[in-house]
Amino acid sequence: MPHRRPPTAITLKDLARDLGMSVATTGRAFHPGAVIAPATRARVLERALALGYRPNALAQGIITGHTRIVGVLLSDLLNPFYPEALARLTEAVQQAGFNVMLLVASPAQPVEEALRLLLSYHPEFIIILATSLAGEAAGACQEAGTPVLFLNRHSADPRAHAVICDNRGGAAQVADHLIDGGARRLGFIGGQPGTSTNAERAEGFRARCLARGLPPPLELEAGAFTYQAGYDAALRCLGGPGRPEALFCASDILAAGAMDAARLRLGLRVPEDLAFAGFDDIALASWPSYDLTTLRQPLRRMIELAVEWITRSARGEPLPGGIERIPGELVPRRSSARPADTVLETPF
């Protein structure tokens, strides 16, 4: 059956008829920048409140070109970092006077298709979180006149603007920490191949190991940023000869899975037999059962810059291009403690 408006709903035409005004004049009262006498605006708004009329914000936004919608596109909700980041981003965007429209691209749905669907709702801005776009899709945003910001990822398109953690520098800090703790055989478990975050963390870790005079770390791709992927990858890289003395995982959730595999399946002690470090500093990292050393992403600053980008664009100011890299912070915890600093292992 076709959708029908509830019989009690008041339309703009109903409101205009009740006031004895034209629809155009009545509609202007709901646009802050429209030319209308203050007394007329006050009369329209007062009567609208009395009758229970609510303007269609989306329809008005499409007409004016200012929907106040920030579209957020992501494709990974299994990594706990992204729900945490999404909650904080949504709060900050709403405090700035905008609304968030979230679209999650499923594994069976191409990201480009999800983007086209998002564009059909006429967002004023789009933030790409935890996914990448092909050049054609980025071009579709430009053609629609919709500014795009990459957050925690970056595009190969040099014109695209991105705000990210300094992944290479952060991974180098982790390498220094593990090496300074006495580890000489290091390993790296990556998440999703082809993502900028994964590649940069691997590059930064590898380069610092070589710069410190150590052999290249043992590297293994888990295939995804998930607990199970980390668990399975650890079984593959820790079960044979030449086991590393310290393992850096490209995300905390990977490290949690890898640590459980090491302790519960392989009987290794953490950190006495094997030190661990992750990346992100999600809530789980500080749980006593993991107490995971990690590189804390500067999420607050990244979101501040994203909101600043939105507000500057809304004012018509020129937007920056390129990539802004924000340094992270190393958070040492028990999973990588030096032998002299270790205590009895916390029960799991």
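What you see is a predicted model, and the numbers here were worked out from it, not measured in a lab. (Residues numbered from 1 in each chain as written. Predicted model: local features only at pLDDT ≥ 70, side-chain atom pairs only at ≥ 80, totals over all residues. Heavy atoms only, no water.)

**So, the environment of Val 163**
Looking at the element boundaries, Val 163 is found in strand β5 (residues 161-165). Sequence separation between Val 163 and Gly 322 is 159 residues; the distance between their C-alpha atoms is 8.8 Å. Aside from chain neighbours lying at most four places away, what touches Val 163 is Leu 149, Phe 150, Leu 151, Asn 152, Met 302, Leu 305, Glu 324 and Ile 326. (Helix = DSSP H or I, 4+ residues; strand = E, 2+ residues; numbered from the N terminus. Contact = heavy atoms within 4.5 Å.)

**Points about the sheet that holds strand β4 (residues 148-151)**
With parallel pairing, the 6 strands of this open sheet are ordered in space as β2-β1-β3-β4-β5-β11. The sheet is open, and its two edges are formed by β2 (99-104) and β11 (322-326), each paired on a single side. Taken over all neighbouring pairs, the strand axes of this sheet differ in orientation by 20° on average, direction set aside. Sheet analysis places strand β3 (residues 125-129) next to β4, joined by 4 bridges and oriented parallel. Looking at β4, one finds that Leu 129 is bridged to Leu 151. (Pairing = 2+ DSSP bridges. Axes fitted to C-alpha atoms, helices over the stretch in contact; angles between N-to-C directions.)

**Some points on the packing of helix α5 (residues 81-95) against helix α12 (residues 299-314)**
Axis separation between α5 and α12 bottoms out at 10 Å; the angle between their running directions is 45°. For the element pair α5 / α12, the angle class is oblique. Crossing of α5 over α12 shows right-handed handedness. Along its contact with α5, which presents Phe 81, Ala 85, Arg 88, Leu 89, Ala 92 and Val 93, the element α12 presents Leu 299, Arg 300, Ile 303, Val 307 and Ile 310. Split into classes, the residues belonging to the contact of α5 with α12 amount to 9 nonpolar, no polar and 2 charged. (Parallel < 35°, antiparallel > 145°, perpendicular 65-115°, else oblique. Left-handed = near helix turned anticlockwise from the far one by under 90°. Nonpolar A, V, L, I, M, F, W, Y, C, P; charged D, E, K, R; others polar.)

**Here's the deal with the packing of helix α10 (residues 227-238) against helix α11 (residues 252-265)**
In contact at an axis separation of 7 Å, α10 and α11 are set at 50° when each is read in the N-to-C sense. With respect to each other, α10 and α11 are oriented oblique. Seen along the crossing, α10 lies across α11 with a hand that is right-handed. Here α10 contributes Tyr 227, Ala 229, Gly 230, Tyr 231, Ala 234, Leu 235 and Leu 238 to the contact with α11, which in turn contributes Ile 253, Leu 254, Ala 256, Gly 257, Ala 258, Asp 260, Ala 261, Ala 262 and Arg 265. Counted by class, the contact of α10 with α11 contains 12 nonpolar, 2 polar and 2 charged residues.

**A word on the sheet that holds strand β9 (residues 275-280)**
One open sheet holds the 6 strands; their spatial order is β7-β6-β8-β9-β10-β12, and the pairing between them is mixed. In this open sheet, the two strands that pair with only one neighbour each are β7 (218-221) and β12 (329-331). With direction set aside, neighbouring strand axes in the sheet form an average angle of 20°. Both β9 and strand β10 (residues 293-296) contribute to a ladder of 4 bridges, which runs parallel. Note on β10: the bridge partner recorded for Asp 280 is Arg 296. Lying on the sheet, helix α9 (residues 196-211) is in contact with β6 (186-190), β7, β8 (246-249) and β9; it crosses β6 at an angle near 170°.

**Comments concerning a nonpolar patch on the surface**
Taken together, the side chains of Leu 77, Leu 102 and Val 104 make up a nonpolar region of the molecular surface, amounting to roughly 220 Å² of accessible area. One can find Leu 102 in strand β2. We classify Leu 102 as partly exposed; its relative accessible area is 38%. (Patch = residues over 30% accessible without salt bridge, like charges linked within 9 Å, V, L, I, M, F, W, Y side chains within 5 Å. Areas by Shrake-Rupley, 256 points an atom, 1.4 Å probe, with all protein chains shown as cover. Salt bridge = Lys/Arg side-chain N within 4 Å of Asp/Glu carboxyl O. Buried < 20%, exposed > 50% of the residue type's maximum accessible area, 1.4 Å probe, protein only.)

**Focus: the packing of aromatic side chains**
A complete count under the given rule lists 8 aromatic pairs for this structure. Between Phe 98 and Phe 125, the aromatic rings sit 5.8 Å apart at their centres with planes inclined by 75°, giving edge-to-face as the arrangement. Here the residue Phe 98 occupies a position in the loop between α5 and β2, and Phe 125 occupies one in strand β3, the gap between them amounting to 27 residues. When sorted by exposure, Phe 98 lands in the same class as Phe 125, which is buried. The interplanar angle of 45° and the centroid separation of 6.5 Å between the aromatic rings of Phe 248 and Phe 279 together place this pair among those described as tilted. Of the two residues, Phe 248 sits in strand β8 while Phe 279 sits in strand β9, which places them 31 residues apart along the sequence. Ring pairing ties together the aromatic residues Phe 188, Phe 205, Phe 248 and Phe 279, which thus form one cluster. When the ring centre of Phe 98 is taken as reference, the NZ or CZ atom of Arg 68 above it lies at 3.8 Å. (Phe/Tyr/Trp six-rings, centres within 6.5 Å; stacked < 30°, edge-to-face > 60°. Lys NZ or Arg CZ within 6 Å of the ring centre and 35° of its normal.)

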